[in-house]
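# Residue-level structural notes
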Amino acid sequence: MSRQGWGDLCLKFANNSYSISYYKAWNPGNQVDTLDFNLDCANGRWFGDDGAFTQWSQTWKSYTFAIGYQGTCWGVLIDIDTGQRIQGAPVNV
């Protein structure tokens, strides 16, 4: 999913919060990526996290958006280095 590798992007809603996580499974040469989590909601609202982070292969990163109920939302992962935007499946609550 990210620049030269792939992984799993997940979003769930629990305890009045949306939690996003990304597992970067593999990347040629174990290259580090600079990534950023965001949350896009069907109600027109957008939420950012604490900013970009670096991630190596075979690691998990996660963030919790403690924003209350916003309805259907999509977790978004942005590769800062390439501008690639990966949108996960929606959470319909």
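To be clear, the structure that these remarks concern was listed above.
In short, a report on the structure. (Residues numbered from 1 in each chain as written. Predicted model: local features only at pLDDT ≥ 70, side-chain atom pairs only at ≥ 80, totals over all residues. Heavy atoms only, no water.)

## What about the sheet that holds strand β6 (residues 59-65)?
Our working definition: Strands pair, by our definition, only if DSSP identifies at least two bridges between them. Strands here mean DSSP runs of E at least two residues long; helices mean DSSP runs of H or I at least four residues long; both are numbered from the N terminus. Angles here are taken between N-to-C directions and fall from 0 to 180 degrees, while the axes themselves are lines fitted to C-alpha atoms, restricted in helices to the stretch in contact.
Strand order in the open sheet made by the three strands is β1-β2-β6, with antiparallel pairing throughout. Pairing within the sheet leaves two strands with one partner each, and these edge strands are β1 (6-14) and β6. The mean angle between the axes of side-by-side strands here comes to 15°, regardless of whether they run parallel or antiparallel. Strand direction decides the pairing type here: β1 and strand β2 (residues 17-26), joined by nine bridges, are antiparallel. Bridge pairing in β2 links Leu11 to Ile20.

## Side note on the pairing of β2
Let me state the cut-off plainly: Each residue's exposure class comes from its accessible area (1.4 Å probe, protein chains only) as a fraction of the maximum for that residue type: buried when under 20%, exposed when over 50%, partly exposed otherwise.
Within β2, seven of the ten residues are buried, which leaves the element mostly enclosed by the surrounding structure. Hairpin connection from β1 to β2: two residues lie between these consecutive antiparallel strands, with Asn15 at a positive phi of about 55°. Inspection of the sheet shows β2 paired to β6 by seven bridges, in the antiparallel sense. Paired with Ile20 across the strands is Tyr63, a residue of β6.

## A few points about the pattern of salt bridges
Applicable threshold: Throughout this description, the term salt bridge denotes a Lys or Arg side-chain nitrogen within 4 Å of a carboxyl oxygen of Asp or Glu.
Counted according to the given criterion, the structure contains two salt bridges. When the shortest N-O distance is used, the salt bridge between Asp40 and Arg85 registers 2.2 Å. One end of the pair, Asp40, is in strand β3 (residues 33-41); the other, Arg85, is in strand β8 (residues 85-91), and 45 residues separate them in sequence. You can call Arg85 partly exposed: its relative accessible area is 47%.

## Considerations on the state of the cysteines
Let me state the cut-off plainly: By disulfide we mean two sulfur atoms from cysteines, separated by a distance within 2.5 Å.
Scanning the entire structure with this criterion turns up one disulfide. Each sulfur in the disulfide pair Cys41 and Cys73 lies 2.2 Å from the other. Between Cys41 and Cys73, the S-S torsion sits near 100°, and that sign places the bridge as right-handed. In this pair, Cys41 sits in strand β3 while Cys73 sits in strand β7 (residues 73-79), placing the two residues 32 residues apart along the sequence. Free cysteine: Cys10, not disulfide-bonded; nearest cysteine sulfur from Cys73 at 16 Å. For Cys10, a relative accessible area of 36% translates into the label partly exposed.

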